[in-house]
Amino acid sequence: MSQQTEQSAPTDRAEQADGKQQAEQTPRRGGVVWALVITSVAGFMAALDNLVVTTALPSIRKDLGGALDDLEWTVSAYTLTFAVLLMFGAALGDRFGRRRLFLAGLTVFTGASAAAAMAPGIDSLIAARAVQGVGAAIMMPLTLTLLTAAVPAARRGMAYGIWGAVNGLAVASGPLIGGSLTEHVSWHWIFWLNVPLGLALLPLARLRLAESHGTGAPLDVPGTLLASGGLFGIVYGLVRGPADGWTSPLVLTGLFAGAALLVGFVLYSVRAKNPMLPMRLFRSRAFSGINAASLLMFLGMFGSIFLLSQYMQGVLGYSPTEAGLRMLPWTGMPMLVAPIAGILSDRIGGRPVVATGLFFQAVGLGYMASVVTVDASYAIQLPGLIISGIGMALYFAPAANLVMSSVRPQEQGIASGANNALREVGGALGIAVMGSIFSAQGGYESAQSFVDGLQPALVVGSAVVALAGIAALVIPARRRAADELEQEQEVAVSTPAPAVSTPVPELEIVGR
């Protein structure tokens with residue numbers, strides 16, 4: 001009897017620990033719907049501000065003055081701080097509480113948006129945009145981990161579908177919203193828009209989201225500095241390359257120093273006891289495959305939207321609002337298709353849905369490259385826009401599911417931060433690379449010159465997204481992925497645990 005009691009004691013303690021963690025991470029009544037609404041709207045705000053400024057730059061220059069380089073920094077300042085601090089923001093949430101840091105990031109983002117709207121000059125606008133990026137970097141990766149904690153595993157596909165649809169719509173419709181507000185109201189309202197949304201979300205998040213934590217491990221300060229410095233150098237070089245020249249000393253220094261720091265980050269993380277981004281995660285084909293696919297997909301998508309938006313306005317003569325409306329078959333498709341894609345990923349696995357979506361988008365971009373002319377009708381462009389929109393919608397929801405299910409629950413914050421950082425770097429790379437191809441083959445001198453540069457850039461964008469589809473096929477089948485995670489958990493169990501640890505619940509794998 002005593003032996004049986006002794007044997008059951010560890011099990012009882014484990015069950016109590018599991019119960020404690022579940023109580024900590026169980027959402028309050030109505031938490032699933034509220035978590036979906038709150039995280040989707042917050043993600044929309046952060047994603048929207050990537051490209052929302054682009055169509056407002058002429059009006060901003062007219063009101064605030066400044067050279068062209070100053071105006072470019074109103075975009076770059078947000079992109080830089082957002083990209084380089086994403087993983088650190090996720091690590092802070094895991095360490096000090098995801099809801100607590102989400103509220104802090106949302107507060108910073110909302111306040112900086114108001115400061116940007118009231119900026120008296122171009123320098124203060126750039127500074128406000130940089131602070132906006134800091135808030136978004138803390139807030140954005142935690143939206144996915146908070147949503148995961150609130151939604152049962154069996155329903156996550158649909159939840160990720162809606163979350164992905166809203167975020168995809170924000171990225172793609174940034175130029176439309178920015179252009180419409182600038183044309184019909186004022187450029188200030190592209191920033192004022194965030195303020196009432198942020199003020200409404202703050203009390204809702206405080207009352208309706210449950211707190212959750214990661215491993216509780218100490219913050220990895222050296223790793224954070226290496227990763228942030230490396231990403232800053234590379235993103236700086238990519239953003240400034242087209243304007244300053246790829247051989248400019250500052251651009252070359254940023255690229256080479258950034259690459260060196262990232263190599264140092266990898267070498268450090270392999271040996272560190274509690275690294276910010278454990279390199280062992282990349283031994284998982286599921287984690288490596290979906291992150292490679294995400295980087296390449298954003299590279300092709302961002303660059304294409306950036307150029308096609310200008311093509312519709314500068315070559316075909318549409319106003320910013322008219323151009324945005326005509327791109328709705330592409331940009332609006334995620335709202336219709338992504339929830340269905342989420343359901344499909346629950347039933348057949350995420351891999352085939354993501355790969356199919358990426359190949360669809362590659363076909364759509366290739367089609368657009370073949371039909372763009374100085375007087376192309378909207379009817380001839382429409383099939384390419386629809387195909388690309390369906391492809392983007394099929395990608396977003398299952399991709400989020402694959403990222404979160406490729407790691408253990410206490411590492412989901414880091415996984416989300418890493419994936420979002422790679423997306424941002426991919427977007428900056430896409431604008432820089434496709435912009436360089438455009439400049440080498442054409443330019444803004446005439447409508448024909450613009451088309452001459454646009455066509456090869458879209459071909460490259462199509463090829464890059466096709467490579468993303470191939471990367472998605474590397475993700476293992478569901479059974480094989482489950483075996484990989486089981487082996488990973490066995491290694492984790494056999495390794496002595498740190499003083500502060502959390503139980504490792506069973507995790508469902510959605511790759512197929």
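Residues numbered from 1 in each chain as written. Predicted model: local features only at pLDDT ≥ 70, side-chain atom pairs only at ≥ 80, totals over all residues. Heavy atoms only, no water.

The chain goes by MFS transporter in an unreviewed UniProt entry, where it is assigned to Streptomyces sp. R21. We quote the UniProt Subcellular location (unreviewed entry) comment for the chain here in full: "Cell membrane". (UniProt positions renumbered as here; feature names shortened; annotations may be inferred.)

Visitor: How would you explain the overall build of the chain if you had to name every residue and give the values?
Guide: Tallying secondary structure elements over the chain gives 20 helices and zero strands in all. For the chain, with 512 residues in total, the buried portion stands at 55%. A total of about 20,300 Å² of accessible surface is found on the chain, and carbon and sulfur atoms cover 65% of it. (Helix = DSSP H or I, 4+ residues; strand = E, 2+ residues; numbered from the N terminus. Buried < 20%, exposed > 50% of the residue type's maximum accessible area, 1.4 Å probe, protein only. Areas by Shrake-Rupley, 256 points an atom, 1.4 Å probe, with all protein chains shown as cover.)

Visitor: Just give me the short version of helix α6 (residues 122–150), but keep the residues and values in it.
Guide: With 29 residues, α6 should reach 42 Å at 1.5 Å per residue; the first-to-last C-alpha distance of 41 Å fits that figure. A bend of about 30 degrees at Thr143 is the largest found in α6. (Expected span 1.5 Å × (residues − 1). Bend = angle between axes of the 7 residues up to and from the residue.)

Visitor: So what's going on with a nonpolar patch on the surface? Which residues, and what values?
Guide: Taken together, Phe359, Leu467, Ile470 and Leu473 make up a surface patch of nonpolar side chains, about 350 Å² in accessible area. Sort the elements by how many residues they give to the nonpolar patch and helix α19 (residues 447–473) lands first, with three residues. Topologically, Phe359 is positioned in helix α16 (residues 350–371). (Patch = residues over 30% accessible without salt bridge, like charges linked within 9 Å, V, L, I, M, F, W, Y side chains within 5 Å. Salt bridge = Lys/Arg side-chain N within 4 Å of Asp/Glu carboxyl O.)

Visitor: Describe in detail the packing of helix α2 (residues 31–48) against helix α5 (residues 98–117), supporting the description with residues and values.
Guide: The description of two helices packed together rests on the angle between their axes and the distance between the axes. Following both chains from N to C, one finds α2 and α5 inclined at 40 degrees, their axes separated by 12 Å at the closest point. Considering the angle they form, α2 stands oblique to α5. The two elements α2 and α5 cross, and the hand of that crossing is left-handed. Of α5, the residues touching α2 (which contributes Ile38, Ala42, Met45 and Ala46) are Phe102, Leu106 and Phe109. (Axes fitted to C-alpha atoms, helices over the stretch in contact; angles between N-to-C directions. Parallel < 35°, antiparallel > 145°, perpendicular 65-115°, else oblique. Left-handed = near helix turned anticlockwise from the far one by under 90°. Contact = heavy atoms within 4.5 Å.)

Visitor: Before we move on, can you summarise the side chain of Ser228 with the specific residues and values?
Guide: Relative to the helices and strands, Ser228 is located in helix α10 (residues 221–244). With relative accessibility at 14%, the residue Ser228 sits in the buried group. Among the polar contacts listed, one links the side chain of Ser228 to the backbone oxygen of Thr224, at a separation of 2.8 Å. Excluding residues within four positions of it along the chain, Ser228 makes contact with Val84 and Leu85. (Polar contact = N/O pair within 3.5 Å; in protein donor to acceptor, adjacent residues only side chain to side chain.)

Visitor: Run through the packing of aromatic side chains, naming residues and quoting values.
Guide: Here the structure, examined in full by the defined rule, presents five aromatic pairs. Pairing Phe282 with Phe287 gives two aromatic rings, centres 4.9 Å apart and planes at 75 degrees, and the pair type is edge-to-face. Looking at Phe287, the relative accessible area reads 0%, which means it is buried. Among the aromatic residues, those joined into a ring-pair cluster are Tyr311, Phe438 and Phe450. (Phe/Tyr/Trp six-rings, centres within 6.5 Å; stacked < 30°, edge-to-face > 60°.)

Visitor: So what about empty space enclosed by the protein? Which residues, and what values?
Guide: Evaluation of the coordinates by the stated rule reveals seven cavities of 30 Å³ or more. Volume-wise, the largest cavity comes out at about 100 Å³. For the largest cavity, the lining is made up of twelve residues, of which Met140, Phe298, Asn420, Arg423 and Glu424 are closest to its centre. Put simply, the parts of the chain that give the lining of the largest cavity at least two residues each are α4 (68–96), α7 (156–184) and α18 (412–441). Considered class by class, the residues forming the lining of the largest cavity number seven nonpolar, three polar and two charged. (1 Å grid on protein atoms, 1.4 Å probe; cavity = no way out; pocket = protein on both sides within 12 Å on 5 of 7 lines; lining within 4 Å. Points joined across faces, edges and corners; volume = space filled by probe spheres on them. Nonpolar A, V, L, I, M, F, W, Y, C, P; charged D, E, K, R; others polar.)

Visitor: Mind laying out the pattern of salt bridges, listing which residues take part and the relevant values?
Guide: Here the structure, examined in full by the defined rule, presents two salt bridges. Between Asp49 and Arg129 there is a salt bridge, and its shortest N-O distance comes to 3.3 Å. Of this pair, Asp49 sits in the loop between α2 and α3 (57–64) while Arg129 sits in helix α6, placing them 80 residues apart in sequence. Exposure class is identical for Asp49 and Arg129. Each is buried. The residue Asp94 makes a salt bridge to Arg98 at a minimum N-O spacing of 2.9 Å. An identical accessibility class is assigned to Asp94 and Arg98; each is buried.

Visitor: Please provide a residue-by-residue account of the side chain of Thr74, values included.
Guide: Secondary-structure assignment places Thr74 in helix α4. The residues touching Thr74, leaving out its near neighbours within four places in the chain, are Val53, Leu57, Ile122, Leu125, Ile126 and Arg129.

Visitor: Can you explain the nonpolar core? Please cite residues and give values.
Guide: A general feature of soluble globular proteins is that nonpolar side chains tend to end up buried together. Judged by nonpolar contacts, the single largest core of 104 residues is most densely connected at Phe102, Met297, Met301, Tyr311, Trp330 and Leu358. Excluding its chain neighbours within four sequence positions, the residues that come into contact with Phe102 are Ile38, Ala42, Met139, Leu142, Thr143, Leu146, Ala205 and Leu209. (Core = buried A, V, L, I, M, F, W, Y, C linked by side-chain atoms within 4.5 Å.)

Visitor: How would you explain helix α9 (residues 194–208) if you had to name every residue and give the values?
Guide: Taking 1.5 Å per residue, 15 residues should reach 21 Å; α9 reaches 20 Å between its end C-alpha atoms and fits that length. The complete set of buried residues in α9 reads Asn194, Val195, Gly198, Leu201, Leu202 and Ala205. Where α9 is buried, its residues meet α2, α5, α6 and α8 (189–192).

Visitor: Explain the environment of Phe109 residue by residue, including any values.
Guide: Along the chain, Phe109 falls in helix α5. You can call Phe109 buried: its relative accessible area is 0%. Taking the C-alpha atoms as reference points, Phe109 and Arg129, separated by 20 residues in sequence, lie 9.2 Å from one another.

Visitor: Go over the packing of α16 against α19 with me, naming the residues and quoting the values.
Guide: Interhelical geometry of α16 versus α19 gives an angle of 170 degrees and a closest axis separation of 8 Å. As far as their axial angle goes, α19 and α16 are roughly antiparallel. Every pair of crossing elements has a handedness; the one defined by α16 and α19 is left-handed. Between α16 and α19, the residues in contact are Arg351, Val354, Ala355, Leu358, Phe359, Gln361, Ala362, Leu365, Gly366, Met368 and Ala369 and Gln455, Leu458, Val459, Gly461, Ser462, Val465, Ala466, Ala468, Gly469, Ile470, Ala472 and Leu473, respectively.

Visitor: Give a detailed account of the confidence of the model for the chain, specifying residues and quantitative values.
Guide: Counting all residues, the mean pLDDT for the chain is 79, and 83% of those residues have values of 70 or more. By mean pLDDT, the top-scoring element of the chain is α5 (94), and the lowest-scoring one is helix α1 (residues 2–25) (43). Confidence drops under pLDDT 50 across residues 1–30; counting only partners more than four residues distant or on other chains, this segment forms 23 contacts. Every residue in residues 489–512 scores below 50 in pLDDT, and together they form 57 contacts with partners more than four places removed in sequence or on other chains. (pLDDT = per-residue confidence, 0-100.)

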